Each structure stands twice: as structure tokens, then as C-alpha cells.
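Structural overview for review
As a plain string of letters, each chain reads:
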Amino acid sequence: MGSTMGARIQAYDWSGSPLGPIETWPEALRITLGNMLHSAFATYLAWGADLITFYNDPALKLRGNRPEALGQPLPQAWSEIWEIASPMVTRALRGETTYVQDVPIDIVQRRTHPEETWWTGSVSPVMDGADQLGGVLIILQETTERVLTEQRLRFLVDLSTRLRGVAGAREVMATAAEMLGRHLRANRAGYYELSEGGESFAVERDWTDATTPSFTGEHRISDFGPLIDHELRAGRTVCIDDALAHPLTGEDPVAAEFLRAGKRSTIIAPLVRDGRLVASFYVHHTEPRHWRDDEVSLIQEVAERTWTSILRARAETALRHSEERFRQFAEHSSTVLWIQDLETHEMEYVSPAYEAIWGEPVEVALRDPGHWAKALHPDDRDRASTTLERVQRGEEGTHEYHIIRPDGGVRWIRDTFFPIRDEQGRIRRVGGIAQDLTQHEGSIVYVVDGDEASRRDLSLLLQGAGYEVKSFASAQSFLAVAPVLVPGCVVLDTRSPEAGGLTIPRELKARRAGLPVIVLGEAGRNVAVGVQAMKAGAVDFLDMPYQPEQVLDALASAQATIRERAEQDQATERVKALIAALPPREREVLDGLLAGGTNKTIARDLGLSPRTVEAHRARIMERLGAQSLPELVQIAVAAGLQSKPQDRQG
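The structure contained in this document is the topic of the report that follows. Bear in mind that the values here come from a model prediction, so they are computed numbers and not experimental data.

Right, let's talk about helix α2 (residues 27-37) for a bit. Those residues of α2 that sit buried are Ala28, Leu29, Thr32, Leu33, Met36 and Leu37. Along α2, the residues classed as buried sweep out an arc of 155° about the axis, all on the same side. Opposite the buried face of α2, at more than 90 degrees from it, the exposed residues are Glu27 and Asn35. For α2, the elements touching its buried residues are α1 (4-11), β1 (42-47), β2 (52-55), β4 (115-127) and β5 (133-142).

Attention now goes to the sheet that holds strand β19 (residues 468-472). Hydrogen bonding along the main chain pairs the strands of a sheet, whether they run parallel or antiparallel. Overall, parallel pairing links the 5 strands, which are arranged β19-β18-β20-β21-β22 in an open sheet. Each having just a single partner strand, β19 and β22 (540-543) make up the two edges of the open sheet. On average, each strand axis in the sheet is tilted by 20° relative to the strand beside it, whichever way the strands run. Relative to β22, strand β21 (residues 517-521) is paired through 4 bridges, and the arrangement is parallel. Across the sheet, Val519 pairs through a bridge with Phe541, a residue of β22. Where helix α15 (residues 452-464) meets the sheet, it contacts β18 (444-448), β19, β20 (489-493) and β21, and its direction lies at approximately 165° from that of β19.

Bringing the sheet that holds strand β17 (residues 427-436) into the picture now. Taken in spatial order, the 5 strands line up as β14-β13-β17-β16-β15 in an open sheet, and their pairing is antiparallel. Unpaired on one side and paired on the other, β14 (347-350) and β15 (397-404) mark the two borders of the sheet. For this sheet, the mean angle separating the axes of adjacent strands, direction not counted, is 25°. In the sheet, β15 pairs with strand β16 (residues 410-421) via 8 bridges, with the strands oriented antiparallel.

This next bit is on the environment of Ala42. One can find Ala42 in strand β1. Residue classification places Ala42 among the buried residues on the basis of a relative accessible area of 5%. Ignoring sequence-local partners within four residues, the contact set of Ala42 consists of Asn56, Pro58, Ala59, Leu62, Ile138, Ile139 and Leu140.

For the coordinates displayed, the defined rule picks out 31 salt bridges. Between Glu295 and Arg289 there is a salt bridge, with its nearest N and O atoms 3.0 Å apart. A salt bridge links Glu316 to Arg312; its shortest N-O distance comes to 3.2 Å. Here Arg312 and Glu316 lie together in helix α10 (residues 293-332), a separation of 4 residues that amounts to about one turn. Among the residues examined, Glu316 registers a relative accessible area of 33% and is labelled partly exposed. Judged by relative accessible area, which is 22%, Arg312 ranks as partly exposed.

Bringing the environment of Ala46 into the picture now. Tracing the backbone shows Ala46 in strand β1. The buried category is assigned to Ala46, whose relative accessible area is 0%. With 11 residues separating them in the primary sequence, Ala46 and Asp57 have C-alpha atoms 16 Å apart.

Along the polypeptide, Ser265 turns up in strand β11 (residues 265-273). Here the side chain of Ser265 touches Glu287 through a polar contact of 2.8 Å, landing on its backbone oxygen. Other than its neighbours up to four places away in sequence, Ser265 contacts Ile240, Asp241, Asp242, Val283, His284, His285, Glu287, Pro288, Arg289 and Trp291.

Here is what the cut-offs are and how they apply
Residues numbered from 1 in each chain as written. Predicted model: local features only at pLDDT ≥ 70, side-chain atom pairs only at ≥ 80, totals over all residues. Heavy atoms only, no water. Buried < 20%, exposed > 50% of the residue type's maximum accessible area, 1.4 Å probe, protein only. Helix = DSSP H or I, 4+ residues; strand = E, 2+ residues; numbered from the N terminus. Arc of directions from axis to C-beta. Contact = heavy atoms within 4.5 Å. Pairing = 2+ DSSP bridges. Axes fitted to C-alpha atoms, helices over the stretch in contact; angles between N-to-C directions. Salt bridge = Lys/Arg side-chain N within 4 Å of Asp/Glu carboxyl O. Polar contact = N/O pair within 3.5 Å; in protein donor to acceptor, adjacent residues only side chain to side chain.

This is the structure:
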């Protein structure tokens, strides 16, 4: 028959077989055997009622150390996999053909260790020439190598995708350990880094199954033996199938430590940088286990990718912390920090204090390159234009100018500017720190009193209490400059005609100015007078004659109101700035949430997946400091954001 198996079939003693001597075999069996022996695929033939087994040369390579199957009933020859093969053989005996692809099969007998294998094949009936069923033909192809390669590649793609989305180094360790541990069906997996001296290592995060304790904590290198230490420092991966039998762990103390630590079998992939062992990735199994070569190479690859991702995460974390420190400084500073592109004149960054000083949203300055100059007082525009020329020459300096706010108020600004060079040393941008000189330290009280002596006495009282005082002889003179005044309290003595009665609180209330008014007057124990003052907009009313402590208490309360309002305004402006800085897609998702949309409806409206919307939503909540969706909506609405109608059709 021209082959190894052909010769074996010829030499086999068939006299005791249900098939009898070869000379008595039916023609259909001879023809089928001839075709089988010439096939390039691993092929089995099970003939007759007893399913006597034949196979060809390609099948020899797949059998390994298994007992001889030739001439044996197929259920006996395939005893360890008969539970899987039996249903397909039964269908073939009924005249049906079965085709399977990449079927996983655990094989125990083929090698010295159990195997997880994958197979593609067909099981079909064979006729005996008399239109009767003669046997079953089984054509096999082992696809284990291809399946394992595809699994490995898919895993590495998934790992890289997951790690790119992880921000912190500890989370990188935990993610890689969990993914690899689950993929290999191990009991424990983790990553560790060595101490500076190299005598110990620390496991910060690891993954374990439900039965194995964590390996986190500090460990001494010496506990695991000098031989393993030497291998790892040389950059060689340690692969141990059984700690009780391996040369690296054969010594009693080392083997005992491995068993105590729950890692009878293990792989440790070292990371050596600049000749020094810096970290390792490990996988532990509590029972003996044969590690395949592809599993070893996978762990080595995961170790390298984890190290790279940890370095990236730490660098990004350091950058975020640096940016966060700058952001916190900028957002809490009462001065305006700004950066301008010298070529386009566009403002690349303007800190939130701009809104309080310039009296308009930050977006206005960012949107219009010429807006900054337009806000300058006409008398100061020529000097400001020369500033950019000085910066382009590499100069630093300070200049002062006035701006006109949209409400007509005038502010006096001191601006410190400096050039910003790129990597080639060219001046591409200019930065600055703008301070509002119209702001004053300490508390300011505006005294409005038409009586000079009374005004002087009241001013002396307040100055003695530590207040900065600006006095006005009439309501008219005060209201003329009220729009540009620094927030403070107004003490209004209504006893003189020049004070204008309750005109000042009414006007300030109508303008919504941040200037609380304390009214002094003669009520003669008539409560209605005080009520009238409060309705006009006063925050307090003191009847003459008043005690100094009463005025000071009223001022303290009013100043607290100013501070509270300022803090609220600052918080609101900060949220506005954060919302304005959202990427366009996140802003669209936020609008959808405010409109009452769900992840599913928003995803449909924006042409995204619900999972992508969920990711955008999580980032928005993180940026705005919201712990829940209701809190996110509350923060956005408080910042003045209004919901937009959403298309809910379909």
C-alpha cells in the first residue's frame, strides 16, 4: 500500500478481528482504504458494526504517545474523547455527514502532559458497495496553533486598547494582571517593581481568582532562592511547571516557600533596563501545570506592554498634576492669566478671573481675536500696540491701561507680559498676568451722607474699625460712579435731602449691583419706616440714635453676604469655564443629558454607541466634579446652561 500505515495494515494479524483476513474484505473497504492512505489529511476509517479503526500516515503525527489504535474498536481507540466524537459518529451511522470547525478538545494521553487542542474535521458515512452502510470516514485537521495565535493576537489588541484608556499606574498593573490571569485561567497574576537596592520588591495591585489569596505587599528576593534571582537579573524568564521537581526550586526551603505562597507552578518574566532588574510580571498556579511556549511568550509580551503603559501613565499623571496645579492657580487667582498667539492674535487661554474684571464671559475674548484691543480705553490703545512689538523683540515688561466694560464701568489694569518661545527658540506666543488695580485689599464702605459733620464722624468710626471708607455728599454723586465701584457696602444716612431718601437702594436693586445698603434713619419707633427701607432694597435699617456696635454688626453681616455671593459667582464662573472647555462631542452629550436623554437615545441622536456615550458622560462628570447624574444636571443648570430640545423620533 506504499506507506507506513499501509505496511502496518498488511502486517497486522487480522485473523482474530471481526473483519477477518484481508483476502475476505469487501471491495468497498479496500477502495476506501486505498483512498484514505493516499490522503494528505489525517484520516480515520471505522469499519463495520464494531467500528474497527484504520488511519493513515498524516494521522501518525497527531497521535503522539497514544496506544496503538489500528484494529481497535473506535470507542476504545478514542476513549478519552469518545464523549465528544460519539454523537458525530452516531449521525454518520444514520447516513448523515457532520462538519465541525475549531472544536476544543482536552487530550490527556498524547504527550506527557494534558493538552488543550482545537480541531476541524468532517465525519461522513461510507457505503459497502451494496448500498449498505459500511463504516465511518473521519477527516481531521488540527488547528491548535492557528487558534492559539489568533487568541494571542486578539488578547494583545484588547490589552493595548484597555491600557490606553487607563490613567493611573496602579490601575495599569491591575488591568493587565486581571486580563492576563483570566485569559490564562491562572490562579493569580501581578506585576511588581524592585526596591532601589534590589533586595525586595513590592506588589501594589494583583489579580486572583476566588480561591487564592492576594500576593500584594513587600517581599524579599532571598525568599525565592538565589538561582531564580540570578536568572531574573540575567533577563531570563523563569518557567516552573512544578516547584517540587524543578531544578531552580528543588531545595527544601525554596520549594516550601513556593508552596506557602500558593505558586506551585509559575512564570516570572523579568524587565531589565540599563543592566538592572527593575520589575517583573508573574503568573501563579496553585497546582502543577505545563506552561506552553506560546503562554511564556505572551507573558513576556504583556510584561513589556505593562511596563511601557506604566511609564506612560506616570508621565501623564505628572503632567495632569502639573496642569491641575496651574489650573487651580489660574481659576482661584484674582488676576487674569492669558496667552496670545502673536501670528493670529487669537487668545489661546484666558483664566476665569477675566469675567469678573472685564464683565463679560471668557468665551468672548477667545472667540474674537480683536476683542481684547477693542475693550481698551481709546487713550491707551496706541501704547498697547507697542507692547506686542516689544514682546516680538524678546522683551519683558509691565504696562498699565484702562478698559471699558460692557456695562460702561472703567477698570485700571496692570499687565505683566513676557515672550513664550517654542522648541526652536522662536517667539510664537506672548503670556501675561493682568491685575485689576481698581480692586482694593480690605473692606470698602461707601458712606453717603449730606451732612458734613455726620459724614465725618461716621467715616472716623468705620476707619477706626479697619474699613476703607469712601464718602459721598449726595445720592447723585454716588450713583454717577456706582457702575465702576469695587464691591463693598453702602451706609446711607437718609436724614438729609441730599441723600435722596431711598433712591440709592432702589437704583442698586434695579441694576442688580453687588453693593448692599444699610440705611440709617429716624423711624420714631415706627416699624413701617424700616419695612419700607427693606422693600426698597436695603439689607438693614438702623433707627437713630444708633449705637456704634449696631453699625459694625450690620456691616459685618453685609460683608459676609458679599463674600458668599463672590464665592458663589466664582464657583459659577469656574463651572462655566469648564463647560466652555468641553470638547464638542462631550458638550453634545451634556446637552442630551440636560434634555432628559438616556445613553441609548443620545447615542441614536449623535450616531454613537451607548458605550461611547457612557464614556463621554463619565468624563464630563469627572471634569465638573459631579458624583451623580442629578448632581451633574444641577451643576450645569446653576451655571446657566439650558436644555436644548432633542429629537426623540423613531
